[in-house]
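# Commentary on secondary and tertiary structure
Here is how the chains run, residue by residue.
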Amino acid sequence: MREVLSPAERERAEKIRHMDIRLSYLQAKCAFRIILSAHLHVPPRDLQITVSRFGKPRLPAHDIEVSQSHSHDWSAVAVSALGLVGIDIERWRPLANCRQLACHIMTDHEARVFEDIPNELSVRNFLELWTRKEAVLKCAGLGLRQDPRGLHTGWYEPAVQFGDLQYYLNALPVCGQLVGHLASHAPQKIIMRSLPSQLNAW
């Protein structure tokens with residue numbers, strides 16, 4: 001994997017002390033380059049990837065928009081030739097304090113709705129909302145530099161307003177313990193594929 005990555009990515013990996021986290025980082029960055037390489041027909045290590053001051057990856061030499069997210073041993077990559085895109089995934093795991101965390105990410109209206117959600121569904125619903133918000137904020141190029149309480153997405157709205165723009169949200173297919181969403185500026189057709197088999201369509 002290190003042979004595929006850029007010197008900066010390899011340097012960052014070496015600074016990660018915990019082996020599991022380092023491996024997760026390496027796998028995610030490697031998958032990112034391999035997927036983009038397949039789209040652009042450029043060797044993975046030759047891709048020139050820059051990062052905005054808010055952490056959004058860019059490919060200055062190519063007319064595409066990209067976004068990436070990873071959680072534990074899962075990685076997701078979004079590629080668009082039609083405009084900005086944002087993707088976020090989270091692996092479901094127990095969160096004993098998700099109701100306390102709610103006040104840090106939810107609007108007042110979302111928090112009131114969340115209070116009525118049964119305890120057995122609270123973690124899943126918390127992660128669903130989190131990935132919706134982060135996908136939109138990544139699409140906007142802001143990431144978590146923007147307070148998520150300033151963005152109302154709710155759980156079911158197919159499109160949300162943020163700033164002066166509308167963002168369309170697509171839930172990723174439920175796959176094991178994975179929760180995720182993709183955000184874009186247009187309701188274009190979304191094609192989803194899985195690795196590592198043969199990029200078989202879900």
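Right above here is the structure, for reference.
Rules and cut-offs
- Residues numbered from 1 in each chain as written.
- Predicted model: local features only at pLDDT ≥ 70, side-chain atom pairs only at ≥ 80, totals over all residues.
- Heavy atoms only, no water.
- Helix = DSSP H or I, 4+ residues; strand = E, 2+ residues; numbered from the N terminus.
- Rg over C-alpha atoms; globule rule 2.2 N^0.38 Å.
- Buried < 20%, exposed > 50% of the residue type's maximum accessible area, 1.4 Å probe, protein only.
- Areas by Shrake-Rupley, 256 points an atom, 1.4 Å probe, with all protein chains shown as cover.
- Lys, Arg positive; Asp, Glu negative; His and termini not counted.
- Charge placed at Lys NZ, Arg CZ, Asp CG, Glu CD.
- Pairing = 2+ DSSP bridges.
- Axes fitted to C-alpha atoms, helices over the stretch in contact; angles between N-to-C directions.
- Contact = heavy atoms within 4.5 Å.
- Parallel < 35°, antiparallel > 145°, perpendicular 65-115°, else oblique.
- Left-handed = near helix turned anticlockwise from the far one by under 90°.
- Nonpolar A, V, L, I, M, F, W, Y, C, P; charged D, E, K, R; others polar.
- Phe/Tyr/Trp six-rings, centres within 6.5 Å; stacked < 30°, edge-to-face > 60°.
- Lys NZ or Arg CZ within 6 Å of the ring centre and 35° of its normal.

Turning our attention to the overall build of the chain. Secondary structure assignment for the chain yields five helices and eight strands. Its helices and strands taken in sequence order, the chain reads α-α-β-β-β-β-β-α-α-α-β-β-β from the N to the C terminus. In terms of overall size, the chain behaves like a compact globule, its C-alpha atoms giving a radius of gyration of 17 Å where 202 residues would be expected to give roughly 17 Å. Expressed as lengths along the three principal axes of its C-alpha atoms, the size of the chain is roughly 50 × 40 × 35 Å. Expressed as a percentage of the 202 residues in the chain, the buried residues total 43%. Split by element, the accessible area of the chain, about 11,700 Å² in all, is 53% carbon and sulfur. Taken as two groups, the 24 positive and 21 negative side-chain charges of the chain have centres that lie 5 Å from each other.

Here we take up the sheet that holds strand β5 (residues 85-91). An order of β5-β8-β7-β6 is seen for the four strands of this open sheet, with the pairing classed as antiparallel. Of all the strands in the sheet, just β5 and β6 (159-162) have a single pairing partner and so form its edges. When strand polarity is set aside, the average angle formed by the axes of neighbouring strands in this sheet is 25°. Contacting β5, β6, β7 (165-171) and β8 (178-184), helix α5 (residues 119-139) crosses the sheet at an angle of about 155° to β5.

With that settled, the discussion passes to the packing of helix α3 (residues 98-105) against helix α4 (residues 108-115). Put simply, α3 and α4 touch, their axes get as near as 9 Å, and they point 165° apart. Judged on the interaxial angle alone, α4 and α3 are roughly antiparallel. The two elements α3 and α4 meet at a crossing, and its hand is right-handed. Across the interface between the two elements, C98, R99, A102 and I105 of α3 pack against E110, F114 and E115 of α4.

We now examine the packing of helix α1 (residues 7-14) against helix α2 (residues 19-40). Where α1 contacts α2, the axes come no closer than 9 Å and their chain directions differ by 165°. In terms of orientation, α1 and α2 fall into the roughly antiparallel class. Crossing handedness for the pair α1 and α2: right-handed. Along the contact surface, α1 presents E9, R12, A13 and E14, while α2 presents R22, Y25, L26, K29 and R33. Along the lines of polarity and charge, the residues of the contact of α1 with α2 split into three nonpolar, no polar and six charged.

Looking now at the pairing of strand β3 (residues 65-71). Most of β3 is tucked away, with five of its seven residues classed as buried. For β3 and strand β4 (residues 74-80), the ladder comprises seven bridges, and the chain directions are antiparallel. Within β4, the residue paired with S67 across the bridge is A78. Where β3 folds back on β4, the antiparallel hairpin that results is connected by two residues, among which H72 adopts a positive phi of roughly 55°.

Where two aromatic rings form a pair, the distance of their centres and the angle of their planes describe that pair. Applying the stated rule across the entire model yields three aromatic pairs. Between F114 and F126, the aromatic rings sit 6.5 Å apart at their centres with planes inclined by 55°, giving tilted as the arrangement. On the criterion of sequence distance, the pair formed by F114 in helix α4 and F126 in helix α5 is long-range, its members being twelve residues apart. Judged by its relative accessible area of 6%, F126 is buried. For the pair F114 and W155, a centre-to-centre distance of 6.3 Å together with 10° between the ring planes defines the contact as stacked. With F114 in helix α4 and W155 in the loop between α5 and β6, this residue pair connects regions lying 41 residues apart in the sequence. Taken together, the ring pairs in this structure connect F114, F126 and W155 into an aromatic cluster. Residue placement shows R99 over the ring face of F114; its charged tip is 5.1 Å from the ring centre.

Purely spatial values, then, with no claim about function.
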